[in-house]
Amino acid sequence: MSKPRIEVFPGTEELVTAAAVHFVRVVTRAQAERGSASVVLTGGGTGIGLLEQVRKAPGAIDFGRLDIFWGDERFVPAGDPERNELQARQALLDHVPVDPARVHPVATSDGEYPDPVEAAAEYSAAVHAHLTTYGAFDLHLLGMGGEGHINSLFPHTPAVAEEHELVVAVTDSPKPPPVRVTLTLPAVARARHVVLVVGGESKAEAVAAALAGASPLEVPAAGAHGSESTTWLLDEAAAAKLP
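Residues numbered from 1 in each chain as written. Predicted model: local features only at pLDDT ≥ 70, side-chain atom pairs only at ≥ 80, totals over all residues. Heavy atoms only, no water.

Student: Before we go on, may I ask you to explain the side chain of Thr184 in this structure?
Tutor: Topologically, Thr184 is positioned in the loop between strand S7 (180–183) and helix H6 (185–188). Excluding its chain neighbours within four sequence positions, the residues that come into contact with Thr184 are Leu153, Ala159, Glu162, Glu165, Leu166, Val167 and Val168. (Helix = DSSP H or I, 4+ residues; strand = E, 2+ residues; numbered from the N terminus. Contact = heavy atoms within 4.5 Å.)

If you want it as structure tokens, here you go:
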């Protein structure tokens, strides 16, 4: 488990730009070292914003040698604007030469797996297949909610307490929509590099608690650690309550 590193930026624009630079650096280094790379994407304003920045300045990324997963997904029909997949495609994936076989979205609620538990099992199989072949994800991006949630792992829920399964269904999310599929903390731990991108004053208390060693059951972000590095990219407002 890696010790967290903290970087603070003046505002949202600088934060998102730094996150995009980090994305490009980790992916290109992994491709140089191992021939391919894998990333787990996050949604939200900063998560999608950094993908837009990567689109503008992709660096030396070979998108044909990049496996793409999602940390969580809203279990809604295909084409629903709530889907993280759709937002990521609009921001980046539809504009770069990805290999469609290496893009791994969560099933939709109106697709082949209309039961969220079955959809989670199907996604778990894809995750396990990738990890069996490559050993780890190279990069897991995470946003964070004001109460400290990451992916769809909310405080005091069965999903955040999961210790074995890599993917689970969430049927009563406190944040709508209520039905989701999410990677768990054991899945986050299977990433070489974990990067949390967090902005805004409303996140400051949870940031401070997570970095002070809070229980992941109380503040799920406290349980996010990469095997090689864990980096918190914060704007000044989110970092305001750090010592």
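Back to the write-up after that little detour.
Student: Can you help me understand the sheet that holds strand S1 (residues 4–9) in this one?
Tutor: In any sheet, the strands associate via hydrogen bonds between backbone groups, in a parallel or an antiparallel arrangement. Pairing is parallel across the open sheet formed by 6 strands, whose spatial order is S1-S9-S8-S5-S2-S3. Each of the sheet's edge strands pairs with one partner strand only, and the pair in question is S1 and strand S3 (66–70). Neighbour-to-neighbour, the strand axes of the sheet open up by a mean angle of 20°, direction not taken into account. (Pairing = 2+ DSSP bridges. Axes fitted to C-alpha atoms, helices over the stretch in contact; angles between N-to-C directions.)

Student: I would appreciate a short explanation of helix H4 (residues 116–134) in the present structure.
Tutor: Along an α-helix, residues three or four apart share an orientation, since each turn contains 3.6 residues. Between its first and last C-alpha atoms H4 spans 27 Å; for 19 residues at 1.5 Å apiece the expected length is 27 Å, and the two agree. Along H4, the residues classified as buried are Pro116, Ala119, Ala120, Tyr123, Ser124, Val127, His130 and Leu131. When H4 is viewed along its axis, its buried side chains cluster within an angular range of 135° and face the same direction. Residues of H4 that are exposed and point more than 90 degrees away from the buried face comprise Thr132 and Thr133. Here the buried face of H4 lies against strand S2 (37–41), S3, strand S5 (137–142), strand S6 (167–170) and S7. If you check the start of H4, you find a side-chain oxygen 2.7 Å away from the backbone N of Val117, and it comes from Asp115. In the segment just after H4, Gly135 is the residue with positive phi, at about 90°. (Expected span 1.5 Å × (residues − 1). Buried < 20%, exposed > 50% of the residue type's maximum accessible area, 1.4 Å probe, protein only. Arc of directions from axis to C-beta. Polar contact = N/O pair within 3.5 Å; in protein donor to acceptor, adjacent residues only side chain to side chain.)

Student: What am I meant to see in the packing of aromatic side chains here?
Tutor: The full count for this structure, using the stated rule, is 2 aromatic pairs. Where Phe69 meets Tyr123, the ring centres are 6.2 Å apart and the plane angle is 65°; that geometry is what we call edge-to-face. Here Phe69 is found in strand S3, whereas its partner Tyr123 is found in helix H4, with 54 residues between them in sequence. Judged by relative accessible area, Tyr123 falls into the buried class, the value being 1%. (Phe/Tyr/Trp six-rings, centres within 6.5 Å; stacked < 30°, edge-to-face > 60°.)

Student: Please explain unusual backbone geometry as it appears in this structure.
Tutor: What you tend to see is this: most non-glycine residues have negative phi, and most peptide bonds are trans. In this chain, Pro176 is followed by Pro177 through a cis amide linkage whose omega measures -5°. With respect to the helices and strands, the residue Pro177 is situated in the loop between S6 and S7. A positive phi angle, near 45°, is found at Asn151, a position not held by glycine. By relative accessible area, which is 6% here, Asn151 ends up buried.

Student: I'm lost on the side chain of Arg180 in this one. Help?
Tutor: By the secondary structure assignment, Arg180 is in strand S7. Engagement of the side chain of Arg180 in a polar contact is seen with the backbone oxygen of Lys175, the distance being 3.1 Å. Setting aside anything within four residues of it in sequence, one finds Arg180 in contact with Asp72, Glu73, Arg74, Phe75, Ser152, Phe154, Val168, Ala169, Val170, Ser173 and Lys175.

Student: In this structure, what is going on with the pattern of salt bridges? I would like to understand it.
Tutor: Once their charged atoms are close, side chains differing in charge can pair, the charge on each being opposite to the other. Enumeration according to the criterion identifies 13 salt bridges in this entry. For Asp138, the salt bridge identified is with Arg34, shortest N-O distance 2.5 Å. With Asp138 in strand S5 and Arg34 in helix H1 (residues 12–34), this residue pair connects regions lying 104 residues apart in the sequence. For Asp138, a relative accessible area of 4% translates into the label buried. (Salt bridge = Lys/Arg side-chain N within 4 Å of Asp/Glu carboxyl O.)

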